[in-house]
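Here are the chains, one letter per residue:
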Amino acid sequence: MSLGPLMVDLASDYMSADERELLQSPQVGGVILFSRNFTSVERLIQLIEEIHEIRHPRLLIAIDQEGGRVQRLREGFTQLPAINLLGQIYDSEPKRAGKLATASGWLMASELRSIGIDFSFAPILDLNYGVSQVIGDRAFHKDPEIVSILATRYIQGMRNAGMQAVGKHFPGHGAVTADSHIELPTDTREFEDIAMQDLIPFKRLIDNGLAGLMSAHVVYEKVDPQIATFSKLWLQDVLRKQLEFNGAIFSDDLSMKAADCSDEYLLRAQKALDAGCDMALICNSSENACLVAEQLEDYNNPASQIRLTRMHGRKDPLVYEALRNSNEWQYAVSQIESYQESPYGELTL
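Residues numbered from 1 in each chain as written. Predicted model: local features only at pLDDT ≥ 70, side-chain atom pairs only at ≥ 80, totals over all residues. Heavy atoms only, no water.

(A) Up close: the packing of helix α3 (residues 84-92) against helix α5 (residues 144-160). The interhelical angle for the contact between α3 and α5, taken along N-to-C directions, is 110°, at an axis separation of 11 Å. With respect to α5, the element α3 is oriented roughly perpendicular. The hand of the α3/α5 crossing is right-handed. Contacts between α3 and α5 involve Leu86, Gly87, Tyr90 and Asp91 on the former and, on the latter, Ile146, Ile149 and Leu150. A class-by-class count of the residues in the contact of α3 with α5 yields 5 nonpolar, 1 polar and 1 charged. (Axes fitted to C-alpha atoms, helices over the stretch in contact; angles between N-to-C directions. Helix = DSSP H or I, 4+ residues; strand = E, 2+ residues; numbered from the N terminus. Parallel < 35°, antiparallel > 145°, perpendicular 65-115°, else oblique. Left-handed = near helix turned anticlockwise from the far one by under 90°. Contact = heavy atoms within 4.5 Å. Nonpolar A, V, L, I, M, F, W, Y, C, P; charged D, E, K, R; others polar.)

(B) The arrangement of the side chain of Asp198 in detail. With respect to the helices and strands, the residue Asp198 is situated in the loop between α6 (191-196) and α7 (199-207). Apart from the residues lying within four places of it in its own chain, the contact partners of Asp198 are Leu127, Tyr129, Pro171, Gly172 and Arg189.

(C) Up close: the layout of surface pockets. Estimated volume of the largest pocket: approximately 320 Å³. What lines the largest pocket is a set of 23 residues, among which Asp64, Arg72, His181, Asp252 and Met256 lie closest to the centre. If you list the elements that add at least two residues to the lining of the largest pocket, you get β7 (166-170) and β11 (248-253). Here the residues of the lining of the largest pocket sort into 10 nonpolar, 6 polar and 7 charged. There is about 240 Å³ of room inside the second largest pocket. Forming the boundary of the second largest pocket are 14 residues, of which His52, Arg58, Arg113, Ile115 and Gly116 lie nearest the centre. Here the element with the most residues in the lining of the second largest pocket is helix α2 (residues 41-54); it accounts for 4 residues. Among the residues forming the lining of the second largest pocket, the class breakdown is 5 nonpolar, 5 polar and 4 charged. (1 Å grid on protein atoms, 1.4 Å probe; cavity = no way out; pocket = protein on both sides within 12 Å on 5 of 7 lines; lining within 4 Å. Points joined across faces, edges and corners; volume = space filled by probe spheres on them.)

(D) Structural view of the sheet that holds β7. Here 8 strands make up an open sheet; going across it, the order is β6-β3-β2-β1-β12-β11-β9-β7 and the pairing parallel. The open sheet is flanked by β6 (119-120) and β7, the only strands paired with a single partner. As judged from the 2 bridges shared by β11 and strand β12 (residues 279-281), these two strands associate in the parallel manner. Residue pairing in the sheet places Asp253 in a bridge with Leu281 of β12. (Pairing = 2+ DSSP bridges.)

(E) Structural view of the pairing of strand β9 (residues 212-215). Going residue by residue along β9, you find Gly212 and Met214 tucked away on one face and Leu213 and Ser215 tucked away on the opposite face as well. Relative to β9, β7 runs parallel, the two sharing 4 bridges. Following the sheet pairing, Val166 is matched in β9 by Gly212. The sheet contact formed by β9 and β11 spans 3 bridges and is parallel. Paired with Gly212 across the strands is Ala248, a residue of β11. (Buried < 20%, exposed > 50% of the residue type's maximum accessible area, 1.4 Å probe, protein only.)

(F) Structural context of the packing of aromatic side chains. Tallied over the full model, the rule gives 10 aromatic pairs. Plain terms: the ring middles of Phe121 and Phe250 are 5.5 Å apart, the flat faces sit at 80° to each other, and that makes the pair edge-to-face. Of this pair, Phe121 sits in the loop between β6 and α5 while Phe250 sits in strand β11, placing them 129 residues apart in sequence. Taking the relative accessible area as the measure of exposure, Phe250 reaches 0% and is therefore buried. An aromatic cluster of at least three residues, connected via ring pairs, comprises Phe170, Phe191, Phe202, Tyr220 and Trp234. Arg268 extends its terminal NZ or CZ atom over the ring of Tyr265, reaching a point 4.1 Å from the ring centre. (Phe/Tyr/Trp six-rings, centres within 6.5 Å; stacked < 30°, edge-to-face > 60°. Lys NZ or Arg CZ within 6 Å of the ring centre and 35° of its normal.)

(G) Looking closely at empty space enclosed by the protein. Across all of its chains, the model carries 2 cavities of 30 Å³ or more by this definition. For the largest cavity, the calculated volume is near 50 Å³. Along the walls of the largest cavity sit Glu66, Leu80, Pro81, Ile83, Leu86, Ser104, Met108, Tyr154, Ile336 and Tyr339, which together make up its complete lining. Breaking the lining of the largest cavity down by element, the ones donating at least two residues are α4 (94-113) and α13 (327-341). Counted by class, the lining of the largest cavity contains 8 nonpolar, 1 polar and 1 charged residues. Considered as a void within the structure, the second largest cavity measures approximately 30 Å³ in volume. Together, Glu66, Ile83, Ala122, Pro123, Ile124, Arg138 and Tyr154 line the second largest cavity. Split into classes, the residues belonging to the lining of the second largest cavity amount to 5 nonpolar, no polar and 2 charged.

(H) Representation of the state of the cysteines. Under the counting rule described, the total for this entry stands at 0 disulfides. In this structure Cys290 is not part of a disulfide, and its nearest cysteine sulfur, from Cys283, lies 13 Å away. (Disulfide = S-S within 2.5 Å.)

(I) Fine view of the nonpolar core. Counting residues in each nonpolar core, the largest one holds 120 residues, and the members touching the most others are Leu23, Phe119, Phe121 and Phe250. Sort the elements by how many residues they give to this core and α4 lands first, with 9 residues. When near neighbours in sequence (up to four residues on either side) are disregarded, Phe121 contacts Met7, Ile32, Ala62, Ile63, Asp64, Glu66, Val166, Lys168, Met214, Phe250 and Leu281. (Core = buried A, V, L, I, M, F, W, Y, C linked by side-chain atoms within 4.5 Å.)

(J) Local environment of the environment of Leu235. Topologically, Leu235 is positioned in helix α8 (residues 232-242). On the accessibility criterion, Leu235 (1% relative accessible area) is buried. Spatially, the C-alpha atom of Leu235 lies 32 Å from that of Gln88, the residues being 147 residues apart in sequence. The contacts of Leu235, once residues within four sequence positions are left out, are Phe170, Ser215, Ala228, Thr229, Arg240, Ile249, Ala275, Gly276 and Cys277.

In structure tokens:
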């Protein structure tokens, strides 16, 4: 069975019969995990194994494990600082910041791969303009060139751990004040201004082989009246054609207020897929996820299949306990803990 175009979630640390049936739908291709799915490391590993056993090829398993404010797994996992701290270090010690970015990406990815998670929706490629309620310290820096450098090093670390990266939120969420979870953000800038700033990190990373991107639920009113997630102009004309992106495009969560174009989730999913998304996320609305999986008939996109399959975790990772007994993990943890406690201390890496 091929990977379907929907990514859905689960209500708890156990999979119900209805959820198991949903994950068997040909329209489902992935599962996103949240903090509510965690009660212990052992139980989480068992849940992931159960998801893996449902289908072949395996369903994709993803999570948001950025660090700082957005880290779904905490107990039993390294507490990762917000990546803006790396940007602060870069301002005075660029070489050190680059090495720490690689170590941070490797540590985050190796811990997730050790329990069977394919990828995290990371890193943030948005610019920290200092105005966004939802981005803020989740971004590396305000300078697009510094964001590009640090994100490249962070992704290098992820790849070393066998994980592909998903940059977000295309084409840039940092210049709007509103939080797209609860209202519709509108960016009033001209395309040329966005291209000269926000698009630079996306272009740099695409040229470096970025495997995945997540779209922004933001309206760029002087470019297209649709949010980027529903915009063929942004996802096909700009992202696919101008920037030559050949990786997988994931929508942000279609349950968010900014995607509320209709009470019908089927319409939201269709608009995202028609615009160019390879996978549409429906979170925190299991009833609607089931309805969309039932109603999204005859969807078939071979190119999307290839792009999504590439998002499976690579390599044979060290399992949870073996990873924590490794010198590489222990050394990486010591480096991350040292810069979190003292950002301007000496680097021994």
